[in-house]
Amino acid sequence: MQQDYLDRLIALSLDEDLGAAGDVTSLAVVPADAEGSGELVAKEQMIVAGLDAFVRVFHMVDAEVEVELLKRDGDEIKPKVAAARVHGKLRSLLAAERTALNLVQRAAGIATLAQQAMTSVRGSKLRVLDTRKTPPGMRGLAKHAVRMGGASNHRFGLFDGILIKDNHIAAVGGDITEAVRRAKLNGPRLVKVEVEVTNFKQLEEAIAAGADVIMLDNMDDAQIREAVKLTASRVPIEVSGGVTLDRLPRLAKLGVDFVSMGALTHSARAMDLSLEIATTKKPARKSRSAQG
């Protein structure tokens, strides 16, 4: 992930939580010189992700906070296993805690779901892709987490891939051929043109028009099987809509090349990690007499 993107995301997240006044509870209750330590511990099995964001939150709150990573993004961890340790001013740890947890829990949830999806199609040629259905502002982190789980990224945004959908086709009078022609003429060089279709007539038209990839939108398994037969390996096929973990093994057997699964980023639950912070007692100074 680009560092400037991550810093903007974290700055916005901290601003939401701390506002202009900061952590008023800790400022009122916790002594300014108090120090603390804590461990980021998994409470369930997961693929961990978002640890870079976790570190950056603490350093943005207080550059002197020490963060030790015990695991790396993409590692599988079991319950009661620590992924990181933190140490520093107790006020700083408490101010950063919730934002740091929010980001790593969400990223780990996406990575874990992506890993489950890939496990369900292991041994097949099928590639599982994410979509643009990500929490606003969190796309870079979400797509990074997808990769950490072993799945793949579709286009990052509207700027780096051409995907002609029903509204684009309608804008040129319902003519797929014309839409593809304009895309190839006016679009960025070397960018593939993908076309979404909902029936076999559109499928044949998209292939004839020179589409580089065909997206089958919301087709059932029988329709997908027929579409694969009609396409006859002329163009890679992606399936979108209604893709679930249970359905993935069936889609793999149908011979499609890709599935795009919005659930990877919009429905992944936050994983259960805790950050237990405790006050660290400073070692008592030895008296002059004890020092000899």
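Residues numbered from 1 in each chain as written. Predicted model: local features only at pLDDT ≥ 70, side-chain atom pairs only at ≥ 80, totals over all residues. Heavy atoms only, no water.

The name an unreviewed UniProt entry assigns to the protein chain is nicotinate-nucleotide diphosphorylase (carboxylating), from the organism Corallococcus macrosporus. Taken verbatim from the UniProt record of the protein chain, the Sequence similarities (unreviewed entry) comment is "Belongs to the NadC/ModD family." (UniProt positions renumbered as here; feature names shortened; annotations may be inferred.)

Trainee: Before we move on, could you go through the packing of aromatic side chains and cite the residues and values that matter?
Mentor: Under the counting rule described, the total for this entry stands at two aromatic pairs. Taking 6.1 Å as the distance between ring centres and 45 degrees as the angle between the ring planes, the aromatic pair formed by Phe156 and Phe159 counts as tilted. For Phe156, a relative accessible area of 32% gives the class partly exposed. (Phe/Tyr/Trp six-rings, centres within 6.5 Å; stacked < 30°, edge-to-face > 60°. Buried < 20%, exposed > 50% of the residue type's maximum accessible area, 1.4 Å probe, protein only.)

Trainee: Describe in detail the environment of Val86, supporting the description with residues and values.
Mentor: If you trace the backbone, Val86 turns up in strand S5 (residues 82-89). Given the relative accessible area of 3%, Val86 is considered buried. For Val86, the contacting residues outside a window of four places in its chain are Gly36, Ser37, Gly38, Phe54, Phe58, Glu66, Val67, Leu93 and Leu275. (Helix = DSSP H or I, 4+ residues; strand = E, 2+ residues; numbered from the N terminus. Contact = heavy atoms within 4.5 Å.)

Trainee: Tell me about the UniProt feature "domain: Quinolinate phosphoribosyl transferase N-terminal" (unreviewed entry) in the protein chain, and please be specific about residues and values.
Mentor: Mapped onto this numbering, the UniProt entry annotates "domain: Quinolinate phosphoribosyl transferase N-terminal" (unreviewed entry) at residues 23-107. Secondary structure content for residues 23-107 is 41% helix and 28% strand, and the end C-alpha separation is 25 Å.

Trainee: Please give an account of helix H8 (residues 200-209) that cites residues and values.
Mentor: Taken residue by residue, H8 has Leu203, Glu205, Ala206, Ile207 and Ala209 as its buried positions. Contacts from the buried residues of H8 go to helix H7 (176-186), strand S8 (193-197), strand S9 (213-217) and helix H9 (221-231). Phi turns positive, to about 100 degrees, at Gly210, one or two residues after H8.

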